[in-house]
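Here are the chains, one letter per residue:
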Amino acid sequence: MFGRILPVIRKEFIQIIRDPRTLAIVLLMPPMQIVLLGYAVNSDVKHIRTVVVDEARDETSRAIIHAFSSTEYFDIVDYVNGPRVARNVIDRGQAKVAFIIPPTFGADLKANRPTAMQVIIDGSDPSIAQTALFAANAIAQAKASELLATTINQAGASGRLEMPLELRPDVLYNPDMRSINFMIPGLIGMILQFQSLVLTAFAIVRERERGTLEQLIMTPIRPWELMFGKIAPYIIIAFWNVGIACALGLLWFQVKFAGSFLLLLVLSVLFLIGSLGLGMLISTTSRTQTQAMQTAVFAMLPTMLLTGLIFPLENLPRALYILSYFWPLTYFLRILRGIALKGLGIDYLWNEVLLLAAFGIIVFAVSANRFRKKLA
């Protein structure tokens, strides 16, 4: 019996080795999943990008700032002048939190007078907002108690200590911190990515397997016309599904759309160009539909974990955080959530738009060139 089974086993191993792409995907997928899921699926939000408006600029305000920066929760990236500048930085997505310390902060604390400091939080991602709010309140109250106790003890005061410090939070864009408001724009981006990448990946390889690609080559149609004809249906399908997703988000889940829907559709075209180009590239480099599917899934996994779709990018280690900037969905999700949740215009989104356009043009040009060679 084993004498008959062993040749079959040997033959199957030979078949696997002869298909290096499938072999590479099979061997690389498990360790990649472990690494990405191990780092990305992490509910502990740390290293939140933070700016400070320190209008007091005294010893007490510096002590409060140090208390925030010495924890793993807040990474102070800049000191800005005024609440308006801090709000602008958060609008642009350059920071998630801003601490605003008033001019009389230190003097009021030392004199045991009630005072307040403001914390502005980007609420578009509820997991980051909730962590920032909890950590800011705990740190501020603990440090204020310490400073107040020291001041009163030095003055020889006794008795019950009253907390003079009030932390006034201002949660922007998503004040109720509803997770659905964060997820719906992300799902729209994922739908566009999935429809354009996976479905387009089958476009050429399906024709090759059926033997109809040669028939298309013999027709008088030009290569670019054939390419456009192959991807046009998927563009229509993708936008149809986006429309359905937006309608369900607005009507069923009651997600408010703050920005311009027309601007979102226009910028979605840039994202589609890159995704369709990547799908066509996979299609022209695959010999079978199975190969195309495996490669498409292999390409989709990092886009779901390293782009901020579900898990905050702040959770990632430095190397993976830098790697996230090589995926176009990272920029498109910022565009989506910036328009949908923050109501931002094109003037706030130029960096993401330019990077998205550059990726789309390069990938689409490479795939188009390879497509023409396949038809030659």
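Note that the structure is predicted; figures quoted are calculated from it, not measured.

**Thoughts on the pairing of strand β1 (residues 48-54)**
Burial runs high along β1: six of the seven residues are buried. Note that the unit made of β1, helix α3 (residues 59-69) and strand β2 (residues 74-79) has a crossover that is right-handed.

**What to know about a nonpolar patch on the surface**
On the surface, W240, I244, L248, W252 and F253 cluster together into a nonpolar patch covering about 610 Å² of accessible area. F253 sits in the partly exposed class, given a relative accessible area of 35%.

**Some thoughts on the packing of aromatic side chains**
For any pair of aromatic rings, the description consists of the separation of the ring centres together with the inter-plane angle of the planes. One pass over the structure, following the stated rule, counts seven aromatic pairs. Between the aromatic rings of F68 and F74, the centroid separation amounts to 5.8 Å while the plane-to-plane angle is 85 degrees, which identifies the pairing as edge-to-face. Overall, the relative accessible area of 1% leaves F68 in the buried class. By relative accessible area, F74 is classed as buried at 0%. A centroid spacing of 5.5 Å and a plane angle of 75 degrees characterise the contact between Y321 and Y325, whose relative ring orientation is edge-to-face. You can call Y321 buried: its relative accessible area is 17%. For Y325, a relative accessible area of 30% corresponds to the partly exposed category.

**With respect to the pattern of salt bridges**
Scanning all chains against the criterion turns up six salt bridges. Ionic pairing is found between D91 and R87, a salt bridge with its closest N-O pair at 3.3 Å. Separated by four residues within a single helix, D91 and R87 lie in helix α4 (residues 83-91), roughly one turn from each other. For R87, a relative accessible area of 37% translates into the label partly exposed. For D122, the salt bridge goes to K96, with nearest N and O atoms at 3.8 Å. Placement of the pair is D122 in strand β4 (residues 115-122) and K96 in the loop between α4 and β3 (97-101), with a sequence separation of 26 residues. Accessibility expressed as a relative area gives 19% for K96, which makes it buried. Bridged by salt links that share partners, the residues K96, D122 and K342 form one connected network.

**Description of the environment of A232**
Mapped onto the elements of the fold, A232 is located in helix α10 (residues 223-252). Residues A232 and L276, spaced 44 residues apart in sequence, show a C-alpha to C-alpha distance of 9.8 Å.

**Comments concerning the sheet that holds β2**
Backbone-to-backbone hydrogen bonds join strands into a sheet, with any given pair of strands oriented parallel or antiparallel. Reading across from one edge, β2-β1-β3-β4-β5 is the order of the five strands in this open sheet, with mixed pairing throughout. Since the sheet does not close on itself, it has two edges, and those belong to β2 and β5 (165-172), each with one partner. Strand-to-strand, the axes of this sheet are offset by a mean angle of 25 degrees, without reference to chain direction. Here β3 pairs with β4 via four bridges, running antiparallel. Within β4, the position partnered with F99 by the bridge is V119. Across the sheet, α3 is in contact with β1, β2, β3 and β4; its angle to β2 comes to roughly 135 degrees.

**Thoughts on the side chain of D54**
Its location among the elements puts D54 in strand β1. Salt bridges are absent for the buried D54, whose nearest opposite-charge side chain, R57, sits at 5.7 Å. Within the structure, the side chain of D54 is placed 3.1 Å from the side chain of S61, a separation counted as a polar contact. Here D54 is in contact with S61, I65 and I101, once residues within four sequence places are set aside.

About the cut-offs
Residues numbered from 1 in each chain as written. Predicted model: local features only at pLDDT ≥ 70, side-chain atom pairs only at ≥ 80, totals over all residues. Heavy atoms only, no water. Buried < 20%, exposed > 50% of the residue type's maximum accessible area, 1.4 Å probe, protein only. Helix = DSSP H or I, 4+ residues; strand = E, 2+ residues; numbered from the N terminus. Right-handed = clockwise from strand over helix to strand, strands pointing away. Patch = residues over 30% accessible without salt bridge, like charges linked within 9 Å, V, L, I, M, F, W, Y side chains within 5 Å. Areas by Shrake-Rupley, 256 points an atom, 1.4 Å probe, with all protein chains shown as cover. Salt bridge = Lys/Arg side-chain N within 4 Å of Asp/Glu carboxyl O. Phe/Tyr/Trp six-rings, centres within 6.5 Å; stacked < 30°, edge-to-face > 60°. Pairing = 2+ DSSP bridges. Axes fitted to C-alpha atoms, helices over the stretch in contact; angles between N-to-C directions. Contact = heavy atoms within 4.5 Å. Lys, Arg positive; Asp, Glu negative; His and termini not counted. Polar contact = N/O pair within 3.5 Å; in protein donor to acceptor, adjacent residues only side chain to side chain.

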